[in-house]
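Below, each chain spelled out in residue letters.
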Amino acid sequence: MWAGKIPLCAQVINLSAVLSLVTRGLVMSSLRPDPPASQRRPAPVKAARRILFVDDDELILRSMERVLRRPAVESGWELCFATDGEAALEEMTRNPVEVLLADANMAKMSGATLLRKVQERDPAVVRILLSGHTGLDVLRTALPYAHQFLPKPCDGQLLKSTLDSACGLRGLLARPEM
């Protein structure tokens, strides 16, 4: 009778254990009857997670947009793009972002400098550095400011899973109890 609504892990627990959990309010709310319409609250609308990509190579930005177009729709991401650090900072002033991915080697402002400025302005932004060069000097300069490093070019699946994790981390950090 309940097999479709009880999580798989709960299906192996005997019925008396499940009833005990239900009475203590520890089982998913889907097991409880729906409240009357007058007591129902609308489901909260999740705002899109804004992810800003910064690279001075427009071909790289277009490639990332093409690779992430479908995952962005499926995951509720809003993808934003900037071609240098100053443009990225201006975009973040207009519209805050949750995640920032920056190329380490840009002409006007290095990725490490951009990540440092972002950390100073909004430390809750998840900061990821993309680099085709994993030399110690690049890593040493950016280490205090980057939450994660990704190789460039980056596999689409690795990029998607990294962004999923980054958005999840940002969601946890935004919770008031954290």
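These numbers were taken from a predicted model, which means no experiment stands behind them. (Residues numbered from 1 in each chain as written. Predicted model: local features only at pLDDT ≥ 70, side-chain atom pairs only at ≥ 80, totals over all residues. Heavy atoms only, no water.)

Q: Could you clarify how one ought to interpret the pairing of strand S2 (residues 77-82) in this entry?
A: Across a regular strand the side chains alternate sides, sitting on one face of the sheet and then on the other. Where strand S1 (residues 49-54) lies against S2, 6 bridges are found, and the strand directions are parallel. Within S2, the position partnered with Arg-49 by the bridge is Trp-77. Handedness of the β-α-β unit built from S1, helix H3 (residues 58-75) and S2 comes out right-handed. (Pairing = 2+ DSSP bridges. Helix = DSSP H or I, 4+ residues; strand = E, 2+ residues; numbered from the N terminus. Right-handed = clockwise from strand over helix to strand, strands pointing away.)

Q: Just checking my understanding: could you explain the sheet that holds S1 for this structure?
A: As a general point, the strands of a sheet are linked pairwise by backbone hydrogen bonds and lie either parallel or antiparallel. Spatial ordering of the open sheet is given by S2-S1-S3-S4-S5, a layout of 5 strands whose pairing is parallel. Looking at which strands have only one partner, the edges of the open sheet turn out to be S2 and strand S5 (148-151). Sheet twist, expressed as the average angle between the axes of neighbouring strands with direction ignored, equals 20°. (Axes fitted to C-alpha atoms, helices over the stretch in contact; angles between N-to-C directions.)

Q: Would you explain the packing of aromatic side chains in this entry?
A: Each aromatic ring pair is characterised by the separation of its centres together with the angle its planes make. Taken as a whole, this structure holds 1 aromatic pair when the rule is applied. On the basis of an interplanar angle of 15° and a centroid distance of 5.3 Å, the ring pair of Phe-53 and Phe-81 is categorised as stacked. Within this pair, whereas Phe-53 is found in strand S1, its partner Phe-81 is found in strand S2, the two being separated by 28 residues in sequence. Phe-53 sits in the buried class, given a relative accessible area of 0%. (Phe/Tyr/Trp six-rings, centres within 6.5 Å; stacked < 30°, edge-to-face > 60°. Buried < 20%, exposed > 50% of the residue type's maximum accessible area, 1.4 Å probe, protein only.)

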